[in-house]
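Results of the structural survey
Each chain, written out:
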Amino acid sequence: MLPLEKLEKIAQPLRGRLERLGSTVTSHVWRLGFASRFLFYMVMHSGTALRRFRLTIAEVYFAGVLSLIIILVSGLFVGMVLALQGYETLQRFGASESLGVLVALSLVRELGPVVAGLLFASRAGSAITAEIGLMKATEQLSAMEMMAVDPVARVVAPRFWGGVISMPLLAALFSAMGIFGGYLVGVQLIGVDAGAFWSQMQAAVDLRNDIMNGVIKSAVFGVAVTWIAVFEGYDAPPTAEGVSRATTRTVVTSSLAILALDFVLTALMFTGGNAQ
Amino acid sequence: MQQASIVEIEGVWFGYDAARPVLRDINLAIPRGAVVGIMGQSGCGKTTLLRIIMAAHLPTRGSARVLGRPTQDLDREALYAMRRKMGMLFQFGALFTDLSVYENVAFPIREHGELPEELIRDLVMLKLQAVGLRGAAQLMPTELSGGMGRRVALARSIALDPQLILYDEPFTGLDPISFGVIVRLIRELNDSLGATSVIVTHDVQEALGVVDYAYFMAGGQVIAQGTPDEIRSSAEPFVNQFVNGKLEGPVPFHYPAPDYGADLELAAS
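Reading the values: the criteria
- Residues numbered from 1 in each chain as written.
- Chains lettered and ligands numbered in written order.
- Predicted model: local features only at pLDDT ≥ 70, side-chain atom pairs only at ≥ 80, totals over all residues.
- Helix = DSSP H or I, 4+ residues; strand = E, 2+ residues; numbered from the N terminus.
- Buried ≥ 20, exposed ≤ 12 C-beta atoms within 10 Å, placed from the backbone.
- Contact = placed C-beta atoms within 7 Å.
- Rg over C-alpha atoms; globule rule 2.2 N^0.38 Å.
- Nonpolar A, V, L, I, M, F, W, Y, C, P; charged D, E, K, R; others polar.
- Core = buried A, V, L, I, M, F, W, Y, C linked by C-beta atoms within 7 Å.
- Pairing = 2+ DSSP bridges.
- Axes fitted to C-alpha atoms, helices over the stretch in contact; angles between N-to-C directions.
- pLDDT = per-residue confidence, 0-100.

**Here we look at the overall build of chain B**
Helices and strands together make up the secondary structure of chain B, namely 10 helices and 10 strands. Counting across all 269 residues of chain B, residues that qualify as buried make up 38%. For chain B, the share of sequence-separated contacts (at least 6 apart) that also reach a separation of at least 24 residues comes to 62%.

Below you can see the structure in the form of structure tokens.
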């Protein structure tokens, strides 16, 4: 056997693997580009969603109001657990009065936006994807196209803005409920002084550095989750399997996006001079 | 005839990928005011041709003139302006499931104008009366039978008084009564609105009862055309087999397969 042929035999499987890797990377980059163009097109065609604002308000109801129960109940329990765990650690250092600070900062800086974002992705994000995907599968979007109505402007954009508006409100309610849960366990159950709990919290939590940064985080998560949800729905193959896969992808991708974005935003917001 | 045609398809080729054309050199003209059928078996390219007419696809070669303008020249605004003059009945209705029957029919009217609510109500009731479902205005699409859903979709597609109505397989899955109702409505609405109708279907016998003229497609080409009587008496073997539902003819019963005996491994014994 000639050396060249030998080389060819060794190179063949390697080339196949490289080709597969290349095509996977290319298809992901292509999809990201397509999703970005879709976002741009949707924002540019948001006139209907903003002019006829009741379309967007209806989506705030579906994405936001209907998510309230899960957000409020989860917030309450997260706050209660935080107070239990926090008290255990703080009392060892004789700092149990700082429980209010610990609960409030953990919630407004991190847990509020992140956990509310994850819950929002699984409750509202999946519903948005499934709804748009099914509308596509049952030709409702094509029917709109045929009536000279742009489905992106009429169906997708109101859902996007509805989600973007809902998410920071839900995160704020999550944090508020969590602080209330922390108060119930810390003050009412364990017996931390109520005055110290609230006054230390008031002194340590800064409106701009903590609360505003938390709101910015939740707004960014809201854009990311809703963008992924509407894109996956619009791009879903028009079959039962296609819609089910798109729904799963929405939850997985937006959860990972939230965690990755949280790391980046935390690094930008709470390091160096900004840290309290 | 050419002057009065509302749709003119000239030498149109189209394929979803370049190697396999779905439509091959299609020529047809649809005269204003007529009910025209485009018939053939599943996969012959008739739905693709319908999508060419509604400008959802552009021909790869040839030209499609719809309502007097070549579809290749239309920008988004012109395309939407053209579609406002067209109505389309989808195979399974494609009703908006989150809206009531009333709101479904009102949808195109609301989207394309800011009419007073009273006028919208009158228009919707007029259209629902035309399809015999005024009494079902407040029902949701999930509460309708297949035939009723198709009629609501028909009312919605004529909401803007279109010049051209397209029907994609309008008879599929209907019971005989619903079927009779749809056939009568297609004819009545076409004549009362002064519209032109194009019916894409494989229910040949049924469609021949309602159309003025028919095109017969096979393998992406028009293989026969004429009035219903001419189609029924066509000598073309494919048309003859299709119209009369014969097992024998150019379309084989069996999908191409290896030898039956070999498949069952009977050859050795």
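**Description of the overall build of chain A**
Counting its secondary structure elements, chain A contains 10 helices and 0 strands. Computed over its C-alpha atoms, the radius of gyration of chain A comes to 24 Å, more than 25% above the 19 Å expected for a compact globule of 276 residues. Principal axes of the C-alpha set define a box for chain A whose edges measure 80 × 65 × 35 Å. In chain A, the share of contacts with a sequence separation of at least 24, taken over all contacts with a separation of at least 6, comes to 87%.

**Observations concerning the interface of chain B and chain A**
Counting residues at the interface gives 10 residues for chain B, matched by 9 residues for chain A. Those elements that place two or more of their residues in the side of chain B that touches chain A are helix 2 (76-83) and helix 3 (101-111) of chain B. Classifying every residue of the side of chain B that touches chain A gives 7 nonpolar, no polar and 3 charged.

**Some words on the nonpolar core**
By size, the foremost hydrophobic cluster in this structure holds 143 residues, and its most contacted members are Ile 53 and Leu 166 of chain B. A per-element tally of this core places helix 5 (residues 99-137) of chain A first, with 19 residues. When near neighbours in sequence (up to four residues on either side) are disregarded, Ile 53 of chain B contacts Val 7, Ala 64, Val 66, Leu 166 and Val 198 of chain B.

**Side note on the sheet that holds strand 6 (residues 86-89) of chain B**
Residue and element names in this part refer to chain B. Judged by pairing direction, the sheet is mixed, and its 6 strands sit side by side in the order 6-7-8-3-9-10 without closing on themselves. The sheet is open, and its two edges are formed by strand 6 and strand 10 (221-226), each paired on a single side. For this sheet the average axis-to-axis angle between neighbouring strands, irrespective of direction, equals 15 degrees. By the bridge criterion, 4 bridges tie strand 3 (residues 35-39) to strand 9 (residues 213-218) in an arrangement that is parallel. Within the sheet, the bridge partner assigned to Val 36 lies in strand 9 and is Tyr 213.

**Let's talk about the sheet that holds strand 2 (residues 23-31) of chain B**
Residue and element names in this part refer to chain B. An order of 2-1-4-5 is seen for the 4 strands of this open sheet, with the pairing classed as antiparallel. Of all the strands in the sheet, the pair left with one neighbour each is strand 2 and strand 5 (69-70). Summarising the sheet, strand 1 (residues 5-14) and strand 2 pair through 6 bridges and their orientation is antiparallel. By the bridge assignment for strand 2, Ser 5 is matched with Pro 31. Set on the sheet, helix 1 (residues 46-53) makes contact with strand 1, strand 2 and strand 4 (61-66); between it and strand 1 the angle comes to about 120 degrees.

**With respect to the confidence of the model for chain B**
When pLDDT drops low, the exact placement of atoms in the prediction is not to be read closely. Residues and elements named next belong to chain B. Confidence in the prediction of chain B, expressed as mean pLDDT, is 86, and 96% of residues score 70 or more. Mean pLDDT across the secondary structure elements of chain B bottoms out at helix 9 (residues 237-244), with 78, and peaks at helix 3, with 93. Reported confidence for the predicted complex is 0.80 by ipTM and 0.84 by pTM.

**Considerations on the environment of Val 243 of chain A**
Residue and element names in this part refer to chain A. For Val 243, the position within the fold is in helix 10 (residues 240-269). Judged by the 23 C-beta atoms lying within 10 Å of it, Val 243 is buried. Discounting residues that sit within four places of it in the chain, Val 243 has contacts with Ala 130, Gly 133, Leu 134, Ala 137 and Ala 236.

**Section: the pairing of strand 3 of chain B**
Taken residue by residue, a regular strand's side chains alternate between the two faces of the sheet. Most of strand 3 of chain B is tucked away: 5 of the 5 residues are buried. Of the two faces of strand 3 of chain B, the one holding Val 35, Gly 37 and Met 39 of chain B and the one holding Val 36 and Ile 38 of chain B are both buried throughout.

**Side note on helix 1 of chain B**
Residues and elements named next belong to chain B. With 6 of its 8 residues buried, helix 1 lies for the most part within the structure. Taken together, the buried positions of helix 1 are occupied by Lys 46, Thr 48, Leu 49, Leu 50, Ile 52 and Ile 53. Backbone geometry just downstream of helix 1 places Ala 55 in the positive-phi region, at approximately 60 degrees.

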